[in-house]
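# Secondary and tertiary structure notes
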Amino acid sequence: MLTLGILGSGSGSNMQAILDAITTGALDAKIAIVLSDHPDALILKRAANHGIPYAVMDCEGHKSKFPDSAQARTAEILKSAGVDLVCLAGFMRLVKAPLLDAFPLRILNIHPSLLPAFPGVAAWEQAVAAKAKETGVTVHVVDSGMDTGPLILQEKLEILPDETADALHKRLQVIEHRIYPMAITRYANSLKP
Ligand code: GAR
């Protein structure tokens, strides 16, 4: 069974989807710990409600940077929780060497676009602003770039005429919640000897 650690900055609906997939037996895993860079993030409340251990990362007052020291502490916490795969679920800081080196090829991310298109924040707004005809969802292995790294799974979505960015994000999230648990299973199976 996989032992997951989840990092998120926001509402944690993807963390909830992973948990739901575990509950139904669709994903053979457990969530050992949930970490957030925002003490008030809903993802932490969701973890508490389900009795999952959680903690706040101390990013030393930096608004968007993920300092090396915070990454090293995060790696320690994940290791001591026995985590073997880290899932970024709406985590909005760039992961670099201290964490990547502690979990080589063992950190996944979900992003609401067909990467390499529209990396970074609010990809759904970027897609609408660019008048794109389609976008989608990507699950990939994390490297030191922003929303880069080997692809695991992608699903396309047609953008409707006059669709608002919010409406598009809602439809993208339905896809996210379905494919993240599938992608985790697919990737974990690919790692088996
Ligand atoms: C999701 O749409 C996720 O794909 C996106 O943040 C949202 C978090 O929602 N992540 C990124 O944009 C990463 N670059 P959630 O907190 O409800 O899972």
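Everything that follows concerns the structure shown earlier in this document.
The following paragraphs examine the structure supplied in this document. Quick caveat: nothing in here was measured; it's all calculated off a predicted structure.

Quick notes on the rules
- Residues numbered from 1 in each chain as written.
- Predicted model: local features only at pLDDT ≥ 70, side-chain atom pairs only at ≥ 80, totals over all residues.
- Heavy atoms only, no water.
- Helix = DSSP H or I, 4+ residues; strand = E, 2+ residues; numbered from the N terminus.
- Buried < 20%, exposed > 50% of the residue type's maximum accessible area, 1.4 Å probe, protein only.
- Near = heavy atom within 4 Å.
- Polar contact = N/O pair within 3.5 Å; in protein donor to acceptor, adjacent residues only side chain to side chain.
- Areas by Shrake-Rupley, 256 points an atom, 1.4 Å probe, with all protein chains shown as cover.
- Nonpolar A, V, L, I, M, F, W, Y, C, P; charged D, E, K, R; others polar.

This next bit is on unusual backbone geometry. Look at the link from Leu115 to Pro116: it is a cis peptide, with omega at 15°. When you line up the elements, Pro116 lands in the loop between β5 (107–111) and α5 (123–129). We note that Leu105 has phi near 55°; this positive angle belongs to a residue other than glycine. Inspection of the secondary structure puts Leu105 in the loop between α4 (97–102) and β5. Phi at Phe118 is positive, roughly 55°, even though this residue is not glycine. Considering the arrangement of structural elements, one finds Phe118 in the loop between β5 and α5. According to the relative accessible area criterion, Phe118 is buried, its value standing at 19%.

Before going further, it helps to spend a moment on the site of the ligand. With respect to spatial proximity, 15 residues lie near the ligand, and among them Ser11, Gly12, Ser13, His169 and Glu176 are the closest. In the environment of the ligand, an oxygen atom lies 2.6 Å from a nitrogen or oxygen atom belonging to the side chain of Ser11. Side-chain polar atom of Ser13 to an oxygen atom of the ligand: 2.5 Å apart, as the coordinates give it. In isolation the ligand has 450 Å² of accessible area, and contact with the protein removes 93% of it. Elements that contribute at least two residues to the shell around the ligand include exactly α1 (13–24), β5 and α6 (165–191). Sort the elements by how many residues they give to the shell around the ligand and α6 lands first, with three residues. Taken together, the residues of the shell around the ligand sort by class into three nonpolar, ten polar and two charged.

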